[in-house]
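An overview of the molecular structure
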Amino acid sequence: MSLLSDLINLNLSDATEKIIAEYIWIGGSGMDLRSKARVCFITLPKLVTDPTKLPKWNYDGSSTDQAPGDDSEVILYPQAVFKDPFRRGNNILVMCDAYTPAGDPIPTNKRFNAAKIFSHPDVVAEEPWYGIEQEYTLLQKDVHWPVGWPIGGFPGPQGPYYCGVGADKSFGRDIVDSHYKACLYAGINISGINGEVMPGQWEFQVGPSVGISAGDQLWVARYILERITEIAGVVLSFDPKPIPGDWNGAGAHTNYSTKSMRNDGGIHVIKKAIEKLGLRHKGHIAAYGEGNERRLTGRHETADINTFSWGVANRGASIRVGRDTEKAGKGYFEDRRPASNMDPYVVTSMIAETTILWKP
């Protein structure tokens, strides 16, 4: 095992100019992350940061429910590059999206349409910022029950676990801290972590990120977390309501601002944007994650799924405006509706399209 550990941590930079690039993409369910590695020969600079310098690649789409068996080739286009916290050295993680051999985006490629929205001149001019609060639950591998919970039983009621400290309140912190540091190493703008209200549930925040990079960074942060839980022998769940009953669900609250909102008088722009979001509430809910109706019940810090509302410092509303934003007369707001299993490409671009481009 010692030799195996030595080989896993082998630094290739002293022996070869080749690097290992781990290509990452989203599978047919829209939530299953896939990846495979290839060797790339790199001339100076050795540390690749530009995805256009990397080759396209292909995979068997019939094995990911993204293509038929008689025409199974799907092409990966590199879109964003991050340092690899697992192999380290000059090795990289590459976030890709998927296309047919003819160059058309496959149906599950949600990044393509998001990139079109974020490249619109009106959106570019507004420099949309996002901060996404990704909640998730750690499950015991063999029983799919939250870590720290007695098998087949329940812990004490919610209350002491949110940001809690201690062996009877905090479960899985080693995984969470490992993920935090790995994301920082990778170059992801991860800005915080905390234990959540339900024991065994955690949150990390990514942002502020501009435009399409918010989706790229969140997907790679999810990938890194999947890899770490794989090593730890723990199952990662993004189910928006993993445990029925009097337990909090898991969301992906999306904080958002534009240049106009961040400037003096921006509170008026924020209110107009919230009004637009209310007019499109049903459309947004339909795109904000599967199973969200089990979470958005009007209880456990959520608004009812069928009713749009907003308020200052109100965590029971669809949209929350912070006290600091109200006081300053400018800033950002938080869309609390997205589920933990939402696609960040869909959610971030939809918010931008509704608040910037849509003219009701």
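Throughout this document, residue positions are counted from 1 along each chain, in the order its sequence is written. Residue-level local features of this predicted model are given only where pLDDT is at least 70; pairs of side-chain atoms are given and counted only at 80 or more, and the full residue set underlies all totals for whole chains, interfaces and linings. Hydrogens are left out, water is left out, and the side-chain values use all remaining heavy atoms of the structure.

Now for the domain arrangement of the chain. Boundaries of every domain are those given by an automatic assignment or by a domain database. Taken as a whole, the chain is organised into domain 1 (3–108) and domain 2 (121–357). Placing the centre of domain 1 and that of domain 2 at their C-alpha centroids yields a distance of 27 Å. Should any heavy atoms of two residues lie within 4.5 Å, those residues are counted as being in contact. Every contact between the two is made by 17 residues of domain 1 and, on the other side, 20 residues of domain 2. A combined buried area of about 1,700 Å² lies between domain 1 and domain 2, and 76% of that area is made up of carbon and sulfur atoms. The term buried area denotes the loss of accessible surface (1.4 Å probe radius) that occurs when two parts are joined, taken as the sum for both partners. The largest contributions to the domain 1 side of the interface with domain 2 come from Met31, Phe82 and Phe86, which together make up 38% of the buried area.

Strand pairing follows a simple DSSP-based rule, namely that at least 2 bridges must link the two strands. The way it works is that DSSP assigns letters per residue, a run of H or I at least four long becomes a helix, a run of E at least two long becomes a strand, and they are numbered from the N terminus. Judged by pairing direction, the sheet is mixed, and its five strands sit side by side in the order E2-E1-E5-E4-E3 without closing on themselves. Bordering the open sheet on either side are strand E2 (33–41) and strand E3 (57–60), each of which pairs with just one other strand. In this sheet, neighbouring strand axes are inclined to one another by 40 degrees on average, regardless of whether the strands run parallel or antiparallel. Relative to E2, strand E1 (residues 18–26) runs antiparallel, the two being bridged by nine bridges. Each residue of the ladder has a partner; that of Ile26, found in E2, is Leu33. Axis angles are defined between N-to-C directions and span 0 to 180 degrees, where every axis is a line fitted to C-alpha atoms and, for a helix, only to the segment in contact.

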